[in-house]
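Architecture and fold: a report
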Amino acid sequence: MPVRFRWARNPIFAISAAWAAVYSFSASGPGYTPFNELYFLSAGKFHLDWSYADQPIGLPLLARLADTIWADSTLGLRIPAIIMCVVGIIVASLLAREFGGGARAQIATAAMYGALGVVPGWSEMETTSFDPQLWLVIIYFLARWMRTESARYLIGAGLVTGLALSVKYLVPVLWVGIVIGVLLCGPRRILTRPALWLGGCVAIVVALPGLLWQQAHDWPQAAMTEHLSSRDGLFDFGTGRFLVLVPFGAFALIGGIIAMFRIRELRPFRFLAVALAVALAAVFASGGRGDYVNGLIVAVIVCGIAAADMVLPARLLRWGAGPLAAVTVIIPLVLVGASTVEQEIDYAGNIVAQITSVTDKYPETPIVSDTYEMAAKVEYLGSTGRENDSPGRVFSPNLGYWYFGPPPNTDSVLYITRHENLPEPLERAFRTITQVSTTDADNLGPAYVWNLSGRTEMWDTLWPQLSELK
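Residues numbered from 1 in each chain as written. Predicted model: local features only at pLDDT ≥ 70, side-chain atom pairs only at ≥ 80, totals over all residues. Heavy atoms only, no water.

A closer look at helix 13 (residues 270-285)
- Here helix 13 is 16 residues long and its end C-alpha atoms lie 23 Å apart, about the 22 Å a rise of 1.5 Å per residue gives.
- Within helix 13, the full set of buried residues consists of Phe271, Leu272, Ala273, Val274, Ala275, Leu276, Ala279 and Val283.
- Among the residues trailing helix 13, Gly287 stands out with phi positive, at a value near 75°. (Helix = DSSP H or I, 4+ residues; strand = E, 2+ residues; numbered from the N terminus. Expected span 1.5 Å × (residues − 1). Buried < 20%, exposed > 50% of the residue type's maximum accessible area, 1.4 Å probe, protein only.)

See the structure below:
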């Protein structure tokens, strides 16, 4: 095993505090992310359930708690994500120590991981704010077990796996990769430890209510995965920024893989390189995105940083550390400034204000949106301090919102679209169709509000025809 250095506690805490301040500044603007933050708020506040078609319970529940404590605050909503980013900084530095990295490697790792917090979705209320950090904690617990063989780390890994299953049903990909890596490269003795299987039982117990909900609803998460695979590529924009944001990130990733096979002290961790290959293959085969395995990518990058600290000449490290650290900090700060300017524009609030000025004229008419993001905006922002836009008035057949159910069988509905045309089933089902408003464009374009009246079909019949998952 690698030589174990002391943890550089004080510098790591200082770096964590500095990045937390940067994240908080970036997150304090009035604007929400275009798609998911308001969806999590609406799902958690108005439709809380054990699971959802497109999500486990974790983030909607956290959004509900954040909204209860810090109502109508974007910064308050993002505090859990900011905390997870800070946890990621600390755990990454501890992992560098387990890989044999000294104070330089630990500090470089903390600075690198802090910079990743400005990647879109890492310090906002998104699944990508939690999943990589939880994967990293699991890997750290396994690394600690390899040194101590203490059962508590395997049980802890199981508990964190259960928490990860409450955020995204993706962590089994990590464990499949780890098991294959352990079988091929060792340490195989870990598979014989009762604590590992006890930890697995803990994970199942934590995730069981959500899994039972999925089973009762015919596993809509599988349909959601298939739907997303038709839209996203393996190496999307977010993954590319992840790899190039930190100047030495891609080099450290390659170096980490090589080091796990070439440096004797790091060979016990070869299973992580195999796990990364297996996870990427699984994501590629299912049509997923490369950022699904960011937690594993970070772990291998950390190994590369620790390896550099072991083998590169001290003079090169001294001369190279300054410029790399400067660029590592400057690039994220520029991106933070750009994102903060963008978030100062309250796109969601502006467009919802225009829509509610129309819906106020039809106080008893249900509102249906063709996209879940618009339904969430109108339901959450439109209901704040407004009696006639109370929960239960807004519906959508789009993705997870479809499972919240159809509108009542009233004669008319207000239908909001992001396109100038209505779905064909609606044109058949209503005798009178009138476009009553077109809003100004937000960051996703304008919205069109239609008054549909003279319904000729029941919504129970129409609803499956409008779903993308059915």
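Thoughts on the nonpolar core
- Counting residues in each nonpolar core, the largest one holds 113 residues, and the members touching the most others are Leu95, Phe99 and Leu296.
- Top contributing element to this core by residue count: helix 6 (residues 131-148), with 12 residues.
- Listed in part, the 16 residues of the second largest apolar core include Trp402, Tyr415, Trp463 and Leu466. (Core = buried A, V, L, I, M, F, W, Y, C linked by side-chain atoms within 4.5 Å.)

Examining the pattern of salt bridges
- Inspection of every chain in the model, using the stated rule, returns 11 salt bridges.
- The salt bridge involving Arg264 is made with Glu265; its shortest N-O contact spans 3.4 Å.
- Shared partners join several salt bridges into a network, and the residues in it are Glu98, Arg144 and Arg147. (Salt bridge = Lys/Arg side-chain N within 4 Å of Asp/Glu carboxyl O.)

Points about unusual backbone geometry
- Across the junction of Gly186 and Pro187, the peptide omega takes the value 0°, indicating a cis bond.
- Along the chain, Pro187 falls in the loop between helix 8 (171-185) and helix 9 (194-216).
- The phi dihedral of Asp72 falls on the positive side, at around 60°, and the residue is not glycine.

Focus on the pairing of strand 3 (residues 413-417)
- Counting buried positions along strand 3 yields 5 of 5 residues, so the element is predominantly enclosed.
- Here strand 3 shows two buried faces, one formed by Val413, Tyr415 and Thr417 and the other by Leu414 and Ile416.
- The pairing of strand 1 (residues 367-369) with strand 3 spans 3 bridges and is parallel. Bridge assignment links Ile367 to a residue of strand 3, and that residue is Leu414.
- Bridge count for strand 3 against strand 5 (residues 448-455) is 5 bridges, and the pairing is antiparallel. Following the sheet pairing, Tyr415 is matched in strand 5 by Trp450. (Pairing = 2+ DSSP bridges.)

Examining the packing of aromatic side chains
- Applying the stated criterion across every chain, the model contains 14 aromatic pairs.
- Centroid distance Trp19 to Tyr23: 6.1 Å. Interplanar angle 20°. Geometry classified as stacked. In this pair, Trp19 and Tyr23 both sit in helix 1 (residues 9-27), 4 residues apart, roughly one turn of the helix.
- Here Trp19 falls in the buried class, since its relative accessible area comes to 6%.
- Grouped by ring-pair contacts, the aromatic residues Tyr39, Phe40, Tyr52, Tyr372, Tyr401 and Phe404 constitute a single cluster. (Phe/Tyr/Trp six-rings, centres within 6.5 Å; stacked < 30°, edge-to-face > 60°.)

A look at the sheet that holds strand 5
- Here we have 5 strands laid out as an open sheet, ordered 2-1-3-5-4, and mixed in their pairing. Pairing within the sheet leaves two strands with one partner each, and these edge strands are strand 2 (394-395) and strand 4 (430-438).

Observations regarding the environment of Lys168
- Relative to the elements of secondary structure, Lys168 occurs in the loop between helix 7 (151-165) and helix 8.
- With sequence-adjacent residues up to four places away left out, Lys168 is seen in contact with Pro56, Thr127, Asp131 and Tyr292. (Contact = heavy atoms within 4.5 Å.)

Re the environment of Thr438
- Among the structural elements, Thr438 can be located in strand 4.
- Put simply, Thr438 and Ile416 are 22 residues apart on the chain and 9.6 Å apart in space, counted from C-alpha to C-alpha.
- Apart from residues no more than four positions distant in its own chain, Thr438 is found in contact with Pro446, Ala447 and Tyr448.
- Looking at Thr438, its side chain comes within polar contact range of the side chain of Gln435, at 2.6 Å. (Polar contact = N/O pair within 3.5 Å; in protein donor to acceptor, adjacent residues only side chain to side chain.)

Concerning the packing of helix 7 against helix 8
- Running from amino to carboxyl end, helix 7 crosses helix 8 at an angle of 140°, the nearest separation of the two axes being 9 Å. Mapping the contact onto sequence places Ala157, Thr161, Ala164 and Leu165 in helix 7 and Val171, Pro172 and Trp175 in helix 8.
- Within the contact of helix 7 with helix 8, the residues separate by chemical class into 6 nonpolar, 1 polar and no charged. (Axes fitted to C-alpha atoms, helices over the stretch in contact; angles between N-to-C directions. Nonpolar A, V, L, I, M, F, W, Y, C, P; charged D, E, K, R; others polar.)

As for the confidence of the model for the chain
- Across the chain, the average pLDDT comes to 84, with 83% of residues at or above 70.
- Element-level pLDDT for the chain is lowest in helix 11 (residues 237-245), with a mean of 48, against a maximum mean of 96 in helix 8.
- Confidence over residues 340-345 falls short of pLDDT 50; this stretch has 13 contacts with residues more than four positions distant or in other chains.
- When the criterion is pLDDT under 50, residues 385-389 qualifies, and its contacts beyond four places in sequence or with other chains add up to 11 contacts. (pLDDT = per-residue confidence, 0-100.)

As for the side chain of Thr161
- The residue Thr161 is located in helix 7 in this model.
- When sequence neighbours within four positions are dropped, the list of residues in contact with Thr161 reads Ile138, Val171, Trp175 and Ala203.

So, the packing of helix 6 against helix 14 (residues 294-311)
- Look at helix 6 against helix 14: their axes get within 7 Å of each other, and the N-to-C directions meet at 50°. Classified by the interaxial angle, the pair formed by helix 6 and helix 14 is oblique. Relative to helix 14, the crossing made by helix 6 is right-handed. Residue-level contacts link Pro132, Trp135, Leu136 and Ile139 of helix 6 to Asn294, Gly295, Leu296, Val298 and Ala299 of helix 14. (Parallel < 35°, antiparallel > 145°, perpendicular 65-115°, else oblique. Left-handed = near helix turned anticlockwise from the far one by under 90°.)

A look at helix 14
- For helix 14, which comprises 18 residues, the first-to-last C-alpha distance of 26 Å matches the rise-based estimate of 26 Å (1.5 Å per residue) to within 8%.
- Of all the 18 residues making up helix 14, 15 are buried; the element is thus mostly covered by neighbouring parts of the structure.

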